[in-house]
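Chain and residue survey
Now for the letters of each chain:
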Amino acid sequence: MTRMRHVAAGAWLLVLITAQAAFAQVNDVTAWKAAPAHEASYESVRRRHADLLGTWSYGRLFTELASELDTSTAWPAGDRTRANLVTALREMAARFAGEDAKLAAATDEASKNAIVNTILDTRPTGLFQLVDETWFSGRQFVVTAEEVEALPAARFQDFMHRVTVAERLLREMARPNRAAAVAAIAAAAERWRQYVFDGRSQYPWEMALNGLTTAARSDIQNPPRRQWVLLHPEVGVEMGRGGANGDYVTGKESALVQALGHVWYRWPASAGEELRWWGVSGSVSLREEQRPGVGFTVHYGKVVNVGVLWREVDRNGRRERLPYVHTGVDLFRLARKRLPDWLSKRLADGSAQAAALPASP
Amino acid sequence: MSHILFFVHGVGKHATDWAEAAGGPIEALKAASRQYAYFGDRRLETRVEMVSIHYDPIFTQVIADWQQNANAVNDLDASGQLQTALGWLADATEEQFWWSHVADVVLYKLSLPYRQMVRTYIINELATRIEAEFDANGSATCSVLAHSLGTAVAHDCLHYLGTTRWGNVANPFHPRHWRFQHVFMLANTSRLLESTDAGMARAYTSIVRPGPAEDPASYCGTYWNFRHEYDPVAIPRRFDAVGWNGYSLEVVSHYHDVNIHGFSHYLANPRVHVPILRKVVRRSAVTDEEFRDAIHPDNFPQFRIAQVDKARAHLVALARETVTVGEDPDTRAFVRMLLNVYKLLQEFRQ
């Protein structure tokens with residue numbers, strides 16, 4: 001008889017250990033996956049409250065969700081975890097007070113999105129995010145992952161479905177707004193890429209000067225509209241008259257230095273357009289067999305710059321009767337007719353998002 | 001739903017697979033995790049999606065452009081005047097330490113256009129990935145692990161991501177609506193390289209600090225600051241927040257490689273990788289007993305290198321550099337310090 005008691009006790013112990021192991025294995029907040037068929041799942045809630053979602057009545061929706069949980073017989077009376085989630089749902093419902101009527105009155109999606117934009121500007125919606133294994137951190141109704149994992153399996157599932165659904169509903173509400181923000185971020189990245197790699201090229205000292213002046217008036221979304229040119233060397237070609245009678249044109253390479261100048265940008269109105277600019281600089285041209293020439297250059301467009309310069313003929317200060325016409329070649333831009341492959345690949349998605357962008361600054 | 005961990009690199013040359021390659025930080029974190037029982041049949045990569053952010057090519061392209069143009073102009077300059085002015089640019093190549101390590105710090109510190117290009121590029125990478133996660137799962141669980149210059153870059157990007165009114169619409173990434181789980185900073189330079197650009201805030205006053213959900217003044221659940229006692233990069237204007245709930249500072253002093261500043265060298269230390277694993281997986285992923293064993297000097301000695309005396313001498317030399325550069329160096333002094341540290345690295349590597 002004693003032996004049978006021992007065997008029975010051992011069997012019960014084994015059952016308890018196995019149940020606890022299985023129980024512990026299931027309740028993992030970090031590895032939890034939703035079950036669409038669960039009565040509190042996102043899919044079930046959307047079906048059950050299709051009328052409220054259809055009219056964007058988020059205040060009433062969260063009130064309903066709070067009530068459903070509060071009256072659920074799956075939870076024992078006075079359960080703290082349930083009570084705290086109910087409190088959170090009611091707090092979110094209260095934040096939408098007054099907005100349901102406005103959203104219901106809005107006749108089209110654009111108007112509804114504008115109201116949602118105002119809601120997001122004025123009210124927080126991050127309440128249901130699990131942060132560092134805690135929900136509702138900093139609040140009196142805080143719930144920890146540990147306490148949720150200690151629940152019986154059915155209540156654990158119920159809680160996880162309800163809290164993640166609450167978060168997901170809010171994320172879905174903000175989806176159009178999020179898409180617009182992501183597109184704007186992509187467009188800002190593209191504009192700065194254009195400024196650095198497609199705009200008028202800058203040497204380090206020019207980057208430093210512009211960083212202190214024109215760029216200082218820009219912001220993270222909008223590169224500068226103007227740019228200083230300072231001691232900018234580039235390859236140039238001078239064209240002048242040759243021959244005894246000046247009856248034919250000669251061309252000669254030179255090192256051209258844009259001593260001081262300014263460029264004004266015309267930013268594209270829509271994605272896909274190229275960045276354009278125009279500007280003017282005082283120039284100095286250095287050639288092997290001649291004294292330095294002085295003049296000015298007009299910049300228009302990406303690669304080629306055109307100007308005139310005068311060169312001293314002799315030490316008496318006599319200059320050529322007719323100036324040389326020169327063109328400068330911005331090698332930065334000439335060498336990069338197309339984007340580097342790594343950047344093209346990265347920005348491919350960004351360009352697609354930027355295509356939906358409104359007019360640039 | 002996986003926890004996404006963004007890796008942000010610091011100075012130096014970085015290939016496209018900089019984080020995933022052998023010896024890189026992702027491999028280092030994976031290798032570290034394998035010593036703990038939890039990861040016996042649950043590989044780290046099944047619980048954490050490790051995403052590397054690669055912004056070095058921006059810097060590489062800028063340098064290549066300068067070099068190319070300078071060379072072309074020099075070729076045409078028979079007088080040699082421009083060669084004197086442009087010679088240093090014409091010789092620019094990331095094979096040289098100044099260009100591969102120092103110049104990108106200088107560029108980030110001194111050039112606003114370059115800073116903004118790097119920031120917007122990275123913010124776009126982050127936002128795109130986070131949005132994809134929202135789209136797929138209705139939420140996004142993300143953390144950031146940054147190193148050296150990458151800590152300043154990450155700080156700036158997170159602040160802008162969370163506070164800018166992108167496209168003049170309400171910001172869905174604002175901390176009132178969403179936040180990162182954890183921020184891990186290794187050799188933190190966010191205070192040293194902080195700026196006052198439009199819309200930016202200094203390291204101690206930005207939103208990049210820990211706080212509760214929906215708190216508009218914070219952007220993560222916890223903030224971990226890891227510093228090597230002898231790493232000169234992390235000492236000037238060191239980051240040491242006071243009074244932040246959810247902030248932790250860990251100072252390590254191990255010497256298992258000559259480059260004590262290295263990303264993977266930091267991660268090799270259990271005092272660094274255990275908090276990270278516990279936070280991106282779960283607290284129970286490494287038990288207290290496992291942690292005590294891992295940091296025991298028998299299992300993780302301070303010096304794990306052939307010539308200990310030489311290593312000690314190296315640390316003394318680094319400490320001297322730290323004292324010389326002072327608490328609040330200007331850019332020139334900091335650059336000089338970096339060059340000296342590199343010389344020491346070469347000397348003690350032999």
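Since the structure is predicted, the reported quantities are computational estimates derived from the model, not experimental observations.

Details of the confidence of the model for chain A
Residues and elements named next belong to chain A. Per-residue confidence for chain A averages 83 on the pLDDT scale, and 79% of its residues sit at or above 70. Within chain A, the lowest mean pLDDT, 48, falls on helix 13 (residues 341–354), and the highest, 98, falls on strand 2 (residues 143–144). Contacts of residues 335–340 to residues separated by more than four positions or lying in other chains number eight contacts, the stretch itself having pLDDT below 50. When the criterion is pLDDT under 50, residues 347–361 qualifies, and its contacts beyond four places in sequence or with other chains add up to 27 contacts.

Examining the interface of chain B and chain A
Contact with chain B, which involves 71 residues of that partner, is made by 77 residues of chain A. Between chain B and chain A, roughly 6400 Å² of surface is buried when both sides are summed, and carbon and sulfur atoms account for 60% of that area. Connecting chain B to chain A are eight salt bridges. Residue Arg175 of chain A is joined to Asp135 of chain B by a salt bridge in which the shortest nitrogen-to-oxygen separation is 2.3 Å. Here chain B is connected to chain A by 28 residue pairs in polar contact (both at pLDDT 80 or more). Of all elements in the fold, only helix 3 (56–76), helix 4 (81–90), helix 6 (112–137), helix 7 (149–163), strand 4 (180–186), strand 5 (220–228) and helix 9 (270–280) of chain B reach the threshold of two or more residues within the side of chain B that touches chain A. The leading source of residues in the side of chain B that touches chain A is helix 6 of chain B, at 16 residues. Of the residues belonging to the side of chain B that touches chain A, the class tally is 37 nonpolar, 19 polar and 15 charged.

Let's talk about unusual backbone geometry
All names here are of chain A. A positive phi is found at Asp132, a non-glycine position, where the angle reads about 50 degrees. For Glu133, which is not a glycine, the phi torsion comes out positive at approximately 60 degrees. For Glu133, the position within the fold is in the loop between helix 7 (109–122) and strand 1 (134–135). Glu133 sits in the partly exposed class, given a relative accessible area of 26%.

Things to note about the pairing of strand 1 (residues 3–8) of chain B
Residues and elements named next belong to chain B. Within strand 1, six of the six residues are buried, which leaves the element mostly enclosed by the surrounding structure. Side chains of strand 1 alternate between two faces, with His3, Leu5 and Phe7 and Ile4, Phe6 and Val8 buried alike. As judged from the six bridges shared by strand 1 and strand 2 (residues 48–53), these two strands associate in the parallel manner. Residue Val8 lies in a different strand from strand 2, and its bridge partner there is Ile53. Where strand 1 and strand 3 (residues 142–147) come together, five bridges link them in parallel fashion. Counterpart to Phe6 in the pairing with strand 3 is Val144.

Regarding the environment of Arg155 of chain A
Residue and element names in this part refer to chain A. Structurally, Arg155 is set in helix 9 (residues 153–173). Remark: the alpha-carbon pair of Arg155 and Thr81, spanning 74 residues in sequence, is separated by 9.8 Å. In this structure Arg155 touches Ala74, Trp75, Pro76 and Asp79, once residues within four positions along its chain are discounted.

Considering the sheet that holds strand 6 (residues 247–252) of chain B
Residues and elements named next belong to chain B. Strand order in the open sheet formed by six strands is 2-1-3-4-5-6, with parallel pairing between adjacent strands. Only two strands of the sheet have a single neighbouring strand rather than two, namely strand 2 and strand 6. When strand polarity is set aside, the average angle formed by the axes of neighbouring strands in this sheet is 15 degrees. Of the strands in this sheet, strand 1 and strand 2 touch helix 1 (residues 25–33), which is tilted by about 130 degrees from strand 1. Running over the sheet, helix 7 touches strand 1, strand 3 and strand 4 and is turned about 145 degrees from strand 3.

Thoughts on the confidence of the model for chain B
Across chain B, pLDDT averages 90, with 93% of residues at or above 70. Of the two predicted TM-score estimates for the complex, the pTM is 0.88 and the ipTM is 0.93.

Things to note about the pattern of salt bridges
The tally for this structure, following the rule as stated, stands at 36 salt bridges over all chains. The salt bridge partner of Arg178 of chain A is Glu131 of chain B, with a shortest N-O separation of 2.5 Å. Pair noted here: Arg178 of chain A is in helix 10 (residues 175–198) and Glu131 of chain B is in helix 6, and the two residues belong to different chains. Residue Arg178 of chain A shares its accessibility class with Glu131 of chain B, and that shared class is buried. The salt bridge partner of Arg129 of chain B is Glu133 of chain B, with a shortest N-O separation of 3.4 Å. Residue Arg129 of chain B and its partner Glu133 of chain B are located together in helix 6, separated by four residues, close to a single helical turn. With relative accessibility at 5%, the residue Glu133 of chain B sits in the buried group. Each of Glu91, Arg95 and Arg139 of chain A together with Glu214 of chain B takes part in salt bridges that share partners, so that together they form one network.

Here's the deal with helix 1 of chain B
All names here are of chain B. For helix 1, the tally of buried residues reaches seven of nine residues, placing the bulk of the element in the interior. Residues of helix 1 that are buried: Pro25, Ile26, Ala28, Leu29, Lys30, Ala32 and Ser33. The inward-facing, buried residues of helix 1 abut strand 1, helix 2 (44–47), strand 2, helix 8 (263–268) and helix 9.

Side note on the side chain of His299 of chain A
All names here are of chain A. Of note, His299 is situated in strand 6 (residues 293–300). Separated by 2.6 Å, the side chains of His299 and Ser281 make a polar contact. Each residue touching His299, except ones within four places of it in the same chain, is listed here: Arg200, Gln258, Val263, Trp277, Trp278, Gly279, Val280, Ser281 and Asn305.

A word on the state of the cysteines
Residue and element names in this part refer to chain B. This model, assessed by the stated rule, comprises zero disulfides over all chains. Cys220 supplies the cysteine sulfur nearest to Cys142, a cysteine that is in no disulfide, at a spacing of 13 Å. Assessed through its relative accessible area of 0%, Cys142 is described here as buried.

A closer look at the packing of helix 1 of chain B against helix 9 of chain B
Between two packed helices, what matters for the description is the angle formed by their axes and the separation of those axes. Residue and element names in this part refer to chain B. Helix 9 packs onto helix 1 with a crossing angle of 85 degrees between their chain directions and a minimal axis gap of 10 Å. The orientation of helix 1 with respect to helix 9, classified from their angle, is roughly perpendicular. Every residue of helix 9 that contacts helix 1 at Leu29, Ala32 and Ser33 is listed here: His273, Ile276 and Leu277.

Describing the packing of aromatic side chains
Residue and element names in this part refer to chain A. In total, this model carries 29 aromatic pairs over all chains according to the counting rule given. Ring plane angle 70 degrees and centroid distance 5.1 Å describe the contact between Trp135 and Phe159, whose orientation is recorded as edge-to-face. Placement of the pair is Trp135 in strand 1 and Phe159 in helix 9, with a sequence separation of 24 residues. For the pair shown, Trp135 and Phe159 are each scored as buried.

Here is what the cut-offs are and how they apply
Residues numbered from 1 in each chain as written. Chains lettered and ligands numbered in written order. Predicted model: local features only at pLDDT ≥ 70, side-chain atom pairs only at ≥ 80, totals over all residues. Heavy atoms only, no water. pLDDT = per-residue confidence, 0-100. Helix = DSSP H or I, 4+ residues; strand = E, 2+ residues; numbered from the N terminus. Contact = heavy atoms within 4.5 Å. Buried area = accessible area lost by both parts, 1.4 Å probe. Salt bridge = Lys/Arg side-chain N within 4 Å of Asp/Glu carboxyl O. Polar contact = N/O pair within 3.5 Å; in protein donor to acceptor, adjacent residues only side chain to side chain. Nonpolar A, V, L, I, M, F, W, Y, C, P; charged D, E, K, R; others polar. Buried < 20%, exposed > 50% of the residue type's maximum accessible area, 1.4 Å probe, protein only. Pairing = 2+ DSSP bridges. Axes fitted to C-alpha atoms, helices over the stretch in contact; angles between N-to-C directions. Disulfide = S-S within 2.5 Å. Parallel < 35°, antiparallel > 145°, perpendicular 65-115°, else oblique. Phe/Tyr/Trp six-rings, centres within 6.5 Å; stacked < 30°, edge-to-face > 60°.

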